[in-house]
Amino acid sequence: MPEPRTDVAAFDAVVVGAGPAGASAALALARAGRSVVLVERGPFPGSKNVYGGVVYGRVLDGIIPGWWDEVPVERWVVRRSTVMMTGTQSLSVDFRTDAWGAAPYNGMTTLRSHFDAWLAGKATEAGARLVTSTVATGLVRDGAGRVVGVRTDRDGAELHAPVVIACDGVNSFLAKEAGLLSRAEASHHTLGVKEVLDLPPGAINERFGVQDHEGVDMEILGCTRDIPGGGFLYTNADSVSIGVVLSLPQLAASGVRPEELVADLKAHPTIAPLLRGLTLREYSAHLIPEGGYDTMPALAADGLLIAGDAGAMTLAAGLWLEGVNFAIGSGYAAGQAVDRALTAGDCTARGLASYRADLEGQFVLADHKRLRKAPSLVLSDRVQQRYPGLLCDLAEGMFTVTNPTPKAGGLKVTRAAAARHGVTLRQLAGDTLRGLRIFG
Amino acid sequence: MTGPNVSPVVAAPDDSAAGPLVVACLRITDLRATVDPLDGSISRDPLGVGLSPADAAGLEQALRMAESWDGRVVAVAVGPESIDPILRDVAALGVTVVRVPSAHDSDGHRYVAELAEDEHGLAETVLAAVRPFGRPVLVVCGDRSVDRGTGALPAFLAHELGAAQALGLVALRSDGPEAVVVERRLDAGWRERLRVLLPAVCSVEGAGVRLRRASLAGALAVADAAVPVDRSTGRTAAGSAAGTGVLHIGATRPYAPRTRVIPAPEGHDPRLRLLALTGALVAHDPPTVVHPADAAEAADVLLSFLARHGYIDAEDVAPEAGAP
Amino acid sequence: MSGPAPGRSPWDGISFEERMATVDFRVGARAHIAVDAEVCRSCTTKACVSACPANLFAPTSDGGILFNYEECFECGTCYMVCDSEGAITWTYPDGGHGVVFHHG
Ligand SMILES: Cc1cc2nc3c(=O)[nH]c(=O)nc-3n(C[C@H](O)[C@H](O)[C@H](O)COP(=O)(O)OP(=O)(O)OC[C@H]3O[C@@H](n4cnc5c(N)ncnc54)[C@H](O)[C@@H]3O)c2cc1C
Ligand code: SF4
Ligand code: SF4
């Protein structure tokens, strides 16, 4: 056994994690002419990362102009369906626009092994040093307790810099070590499990009613039995990603296995015809921080910033699954804040405070603030357990042809449906208002 | 633990003053390549590329041998650009790496051709790429490739180098500057230990040793280094564009023994026809057990058996002109 | 709640082993997660058993847990749902090892 060495290499900044947050932070710093090292524990960027499947690209406009001409895209999303389901029914709100199918586009399906590698490539092109297959195992502090680097698992060798940006994702052990994140808060996390299924491009076009390069994004509520969560289905170039996100404490309490819930969703009469006969290409799982603005940790300490999932900047509340865009936005802002702090010669939490101010002004925290109640509403018992059934019954009541009896009036159908699902009209109205206020 | 006596340079053949040269031959490929059961085409994923356990063990053995001789390691791989990240990881260990580009990447058939059909050409190409670094005292390969290589490469390398060969090894250590002592598994848990004179070509099993990890300094040094590509030695098949510096290997057809023609059995009774076809009730010669004294005699016995039973022509077995 | 038979998901015609075989695991020499079966013996929830998406926690007849680190997604579910201090020691595998997602 060799003696642990404490080789040291010094940089202007160390960025941990080559996900979208880390790559963007390194890109911002490299562009500012700073020496920056980007440490990734996987063999290539994206190798440890799983998401549902859609990146919303607006955030890239300002960072990589014309990004759509070079990004490794699977399909451009032109159809977004929001589906409420019960065991036998489903109600879809289907939105389709050609506008999303042309530059500047809205969302795209892409795979993380491609997308993350592309974005990290942007950072290395700009001059950042990417070191893969290397785990940052802990923070290095100076005598005053300020963070001045990270230790790695390569013989304990260290990377030193006045600032570390922790973009190490949902489990962020660096943010935990710094005391910014609590050790393990199951209630603020959901588990996502995903299956990628083989489906030739032509069959995708046929089954999902799209053309080449056009994709579909389906967000699904009511498919996770009595575990709060939701489902998703996205079309890639020649495969389909389907999965569920599940609130951790209730998943653990239920005794149901995660892949069983994916199987449930795949077997649902609305979904099954789309996926008939497909074989599994890859099964995967990953956690999502689900706190929302109200549970977001402090984002800075002396010599340390956190960005992306490490700072719980995900919007993942059933109908919304966004995080890559927030990771890019916050990572880039962190890189810029560090550049300013280096110029000012103050890398304490105070010197780095412009980061949070920046985020508040940007869509990153602005969105989270606007939607701060969204996680608790979408994951609430009523929305999860009753509304999908309620809405499906409503639709069924409205659309079922009952000739020769005259059609029941809307209110009557609503009241009957609501009563069946244990929801009063008052609650319904209340949630509608809350929803309008949050999402509208 | 110290690295071999070279700095982590990726490029530039260096002077032979740097000690004996150990070459690691790496077949870097998708470790989980899949074969279509219907058309036999192989699909590979650039994200799946890596060192097979056997190649990783071979590289580790090469590093240890070079350390014991104060020598240096050159790793050579034939493949497309997508293997460069793996070669960069290898370079981080203080190994000089060189890649011979191959033109097969998009075409599964070329790939198969390169693998199975002209391993001799592959060996020549590999050695030509190494030549600028000096004459190797030891070449180490993995003993099997994950993508169904024929396993013939080490033999061709040994032939080209005029070196000894020892294959399928589980242990390897130097025995002075002249030889290595190697171990190979035998049946029933036995092992044989051989002393092999240098220069030698050895293939090792993916067992026994684990490839070391590079130091952080090594990893940083190669983070954005380019992998040098050897374009000097394009061996090109007749008819394909010569001098492009890309490996084109011609399809030499694999040797297929002729089938033996058996006359259709007489009669109509299916049972009797079957018996006649299979020869189930016919008295057989007892199996022949021979104990040839050496490899040449063993080869003669096998060849004459094949000739006797009509698989090859008798004149093919005739000893080469000039042989005793 | 009716769970599946262990290791099987009969409803989509593929065994759990086949499911896991679709994933690229580059197994490291060091076990990155350790489970203290002693602590587990007094655990009443056994939350890890059904929640682990890789199904790596196998209850033993004496009330303990048998754990195998090799086919782990490194997701973190187990340490988050486990309430017993010290039952799970959780780290990332050594750099470059562990799960490699191709279609994340
Ligand atoms: C099931 C699921 C579905 C989702 N769907 C969507 C979606 O459709 N659209 C969307 O926009 N978002 C989605 N998200 C959210 C999105 O994936 C995340 O918000 C986003 O990946 C966060 O990026 P990040 O860079 O902060 O973290 P990550 O992408 O997690 O990257 C962190 C990186 O750090 C590395 N790392 C961690 N620790 C260390 C260490 N100690 N040393 C070195 N490296 C380390 C990791 O290997 C990883 O590469 C989804 C998430 C899940 C789980
Ligand atoms: S790991 Fe935790 S949850 Fe699982 S059995 Fe042990 S104590 Fe219980
Ligand atoms: S990290 Fe995830 S996959 Fe690994 S053992 Fe824990 S729950 Fe299972």
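Residues numbered from 1 in each chain as written. Chains lettered and ligands numbered in written order. Predicted model: local features only at pLDDT ≥ 70, side-chain atom pairs only at ≥ 80, totals over all residues. Heavy atoms only, no water.

1. Observations concerning the overall build of chain B
As a reminder, the rule being used: Numbering of helices and strands runs from the N terminus, with a helix taken as a DSSP run of H or I at least four residues long and a strand as a DSSP run of E at least two residues long. Classification of residues uses two cut-offs on accessible area relative to the type maximum, computed with a 1.4 Å probe and protein chains only: under 20% is buried, over 50% is exposed, and between them is partly exposed. By the convention used here, residues are in contact when the closest approach between their heavy atoms is within 4.5 Å. Accessible surface is estimated by sampling points in the Shrake-Rupley manner with a 1.4 Å probe; for residues, cover comes only from the protein chains shown.
If you tally the helices and strands in chain B, you get 9 helices and 12 strands. Per-residue burial for chain B yields a buried fraction of 40% across its 324 residues. By sequence separation, contacts in chain B at least 24 residues apart represent 68% of the contacts at least 6 residues apart. As displayed, chain B has an accessible area near 17400 Å², and 56% of this comes from carbon and sulfur atoms.

2. Brief notes about the site of ligand 3
All names here are of chain C. The line we're drawing: Proximity is defined per residue: if any heavy atom of the residue lies within 4 Å of a molecule or strand, that residue is considered near it. A cavity here means a set of 1 Å grid points, computed over protein atoms only, where a 1.4 Å probe fits but cannot escape. A pocket is an open set with protein on both sides within 12 Å along at least 5 of 7 lines, and lining residues have an atom within 4 Å of a point. Cavities and pockets are treated as containing a molecule whenever more than half of the molecule's atoms lie within 2 Å of their grid points. Each residue gets one label: Ala, Val, Leu, Ile, Met, Phe, Trp, Tyr, Cys and Pro are nonpolar, Asp, Glu, Lys and Arg are charged, and the others, such as Gly, are polar.
Residues in close proximity to ligand 3 total 14 residues, the closest being C52, C72, C75, G76 and C78. Of the pockets mapped on this structure, ligand 3 occupies the second largest cavity. Residue composition of the shell around ligand 3, by class: 11 nonpolar, 2 polar and 1 charged.

3. Describing a negative patch on the surface
Our working rule: Each patch is built from salt-bridge-free residues with over 30% relative accessible area, joining like charges within 9 Å and nonpolar side chains (Val, Leu, Ile, Met, Phe, Trp, Tyr) within 5 Å. Put simply, a salt bridge is a Lys or Arg side-chain nitrogen that is within 4 Å of an Asp or Glu carboxyl oxygen. Residues scored as charged are limited to Lys and Arg (positive) and Asp and Glu (negative), so that His and the chain ends carry no count. In this description, the location of a charge corresponds to atom NZ of lysine, CZ of arginine, CG of aspartate or CD of glutamate.
Residues C:E17, C:E18, C:E70 and C:E71 make up a contiguous surface patch of negative charge. With respect to the helices, strands and loops of the structure, C:E17 is situated in helix 1 (residues 16-21).

4. Focus: the environment of B:S43
Here B:S43 lies in strand 4 (residues 42-43). Taking the C-alpha atoms as reference points, B:S43 and B:A163, 120 residues apart in sequence, are found 36 Å from one another.

5. Side note on the domain arrangement of chain A
All names here are of chain A. Test applied: The domain boundaries here were taken from an automatic or database domain assignment. When two parts are brought into contact, each loses some accessible area as probed by a 1.4 Å sphere; the total of that loss over both is the buried area. Contacts described as polar in this section are N or O atom pairs within 3.5 Å, which, within protein, must combine one atom able to donate a hydrogen with one able to accept it, while residues neighboring in sequence count only if both atoms come from side chains.
When its domains are assigned, chain A resolves into domain 1 (8-74 + 110-182 + 297-371), domain 2 (186-289) and domain 3 (380-439). In this structure, domain 1 and domain 2 have C-alpha centres spaced 28 Å apart. Each partner contributes to the interface: domain 1 provides 19 residues, whereas domain 2 provides 19 residues. Taking both sides of the interface into account, the surface hidden between domain 1 and domain 2 amounts to around 1700 Å²; carbon and sulfur atoms contribute 63%. Its largest share of buried area at the contact with domain 2, domain 1 owes to V50, E74 and V170, together 33% of the area lost on that side. Counting across the domain 1 and domain 2 interface gives 0 salt bridges. Where domain 1 meets domain 2, there are 3 residue pairs in polar contact (both at pLDDT 80 or more).

6. A closer look at the sheet that holds strand 12 (residues 163-166) of chain A
Residues and elements named next belong to chain A. In plain terms, the rule: For two strands to be treated as a pair, DSSP must find no fewer than two bridges joining them. To get an axis, fit a line to the C-alpha atoms, keeping to the stretch in contact for a helix; angles then go from 0 to 180 degrees between the N-to-C directions.
With mixed pairing, the 6 strands of this open sheet are ordered in space as 8-3-2-12-19-18. Only two strands of the sheet have a single partner each, and these edge strands are strand 8 (129-131) and strand 18 (300-301). Pairing between strand 2 (residues 13-16) and strand 3 (residues 36-39): 4 bridges, direction parallel. Residue V15 lies in a different strand from strand 3, and its bridge partner there is L38. Strands in contact with helix 8 (residues 324-344) are strand 2, strand 12 and strand 19 (304-306); relative to strand 12, the strand with the most contacts, it is inclined by about 175°.

7. Side note on the site of ligand 2
The immediate surroundings of ligand 2 are formed by C:C40, C:C43, C:K46, C:A47, C:C48, C:I65, C:C82, C:S84, C:A87 and C:I88. Residues belonging to the shell around ligand 2 are distributed by class as follows: 8 nonpolar, 1 polar and 1 charged.

8. Describing the interface of chain C and chain A
Contacts between chain C and chain A engage 43 residues on the former and 52 residues on the latter. Regarding the contact of chain C and chain A, the summed buried area is about 4000 Å², with carbon and sulfur atoms giving 57% of it. Remark: the boundary between chain C and chain A carries 3 salt bridges. Between A:K48 and C:E74 there is a salt bridge, with the nearest N and O atoms lying 3.0 Å from each other. Linking chain C with chain A are 24 residue pairs in polar contact (both at pLDDT 80 or more), by the criterion used here. Contributions of two or more residues to the side of chain C that touches chain A are made by helix 1, helix 3 (47-51), helix 4 (77-81) and strand 6 (98-100) of chain C.

9. A few points about the nonpolar core
How we decide: The set of buried Ala, Val, Leu, Ile, Met, Phe, Trp, Tyr and Cys residues whose side-chain atoms join them within 4.5 Å is what this entry labels a nonpolar core.
Ranked by size, the top nonpolar core spans 87 residues in total, and within it A:F115, A:L159 and A:Y355 carry the most contacts. If you tally residues by element for this core, the top one is helix 8 of chain A, at 11 residues. Each residue touching A:L159, except ones within four places of it in the same chain, is listed here: A:A9, A:F11, A:V14, A:V37, A:V39, A:V148, A:G149, A:V150, A:T152, B:L216 and B:L220. Counting 67 residues, the second-largest nonpolar core is a separate cluster that includes A:Y283, A:L287, C:C78 and C:A87.

10. Remarks on the packing of helix 1 (residues 20-31) of chain A against helix 8 of chain A
Residues and elements named next belong to chain A. Selection criterion: Take the far helix as your reference; a near helix turned counterclockwise from it by less than a right angle gives a left-handed crossing, and one turned clockwise gives a right-handed crossing.
Two elements in contact, helix 1 and helix 8, have axes whose closest approach is 7 Å; the angle formed by their N-to-C orientations is 30°. Considering the relative orientation of helix 1 and helix 8, their crossing is right-handed. In contact with P20, A21, S24, A25, L27, A28, L29 and R31 of helix 1, helix 8 contributes V324, A327, I328, G331, Y332, G335, Q336, V338 and D339. Tallied by class, residues from the contact of helix 1 with helix 8 come to 11 nonpolar, 4 polar and 2 charged.

11. Notes on the interface of chain B and chain A
Tallying the contact residues gives 11 residues for chain B and 20 residues for chain A. The contact between chain B and chain A buries some 1300 Å² in all, and 59% of this surface belongs to carbon and sulfur atoms. There are 1 salt bridge connecting chain B and chain A. Counting the contacts that link chain B with chain A gives 4 residue pairs in polar contact (both at pLDDT 80 or more). Ranked by residues supplied to the side of chain B that touches chain A, first place goes to helix 6 (residues 216-222) of chain B with 3 residues.

12. Re the packing of helix 8 of chain A against helix 10 (residues 363-370) of chain A
Residue and element names in this part refer to chain A. What counts is decided by this rule: When describing relative orientation, an angle under 35 degrees is termed roughly parallel and one over 145 degrees roughly antiparallel, while 65 to 115 degrees is termed roughly perpendicular and anything else oblique.
Remark: helix 8 packs on helix 10, axes separated minimally by 9 Å, with the N-to-C direction vectors making an angle of 130°. By the criterion of interaxial angle, the relationship of helix 8 to helix 10 is oblique. Along its contact with helix 8, which presents N325, F326, G329 and S330, the element helix 10 presents F363, V364, D367 and H368.

13. Examining empty space enclosed by the protein
Residues and elements named next belong to chain C. Basically, it comes down to this: Grid points are joined across faces, edges and corners, and a volume is the space filled by probe spheres set on the points.
What the rule picks out here adds up to 4 cavities of 30 Å³ or more. What the largest cavity holds in volume is close to 110 Å³. Lining the largest cavity are 16 residues, and of these C40, C43, C48, C82 and A87 sit closest to its centre. Its residues assigned to classes, the lining of the largest cavity comprises 12 nonpolar, 2 polar and 2 charged. Empty space within the second largest cavity amounts to approximately 80 Å³. Taken together, 15 residues form the lining of the second largest cavity, with C52, F57, C72, C75 and C78 sitting closest to its centre. Of the residues assigned to the lining of the second largest cavity, the class counts are 12 nonpolar, 2 polar and 1 charged.

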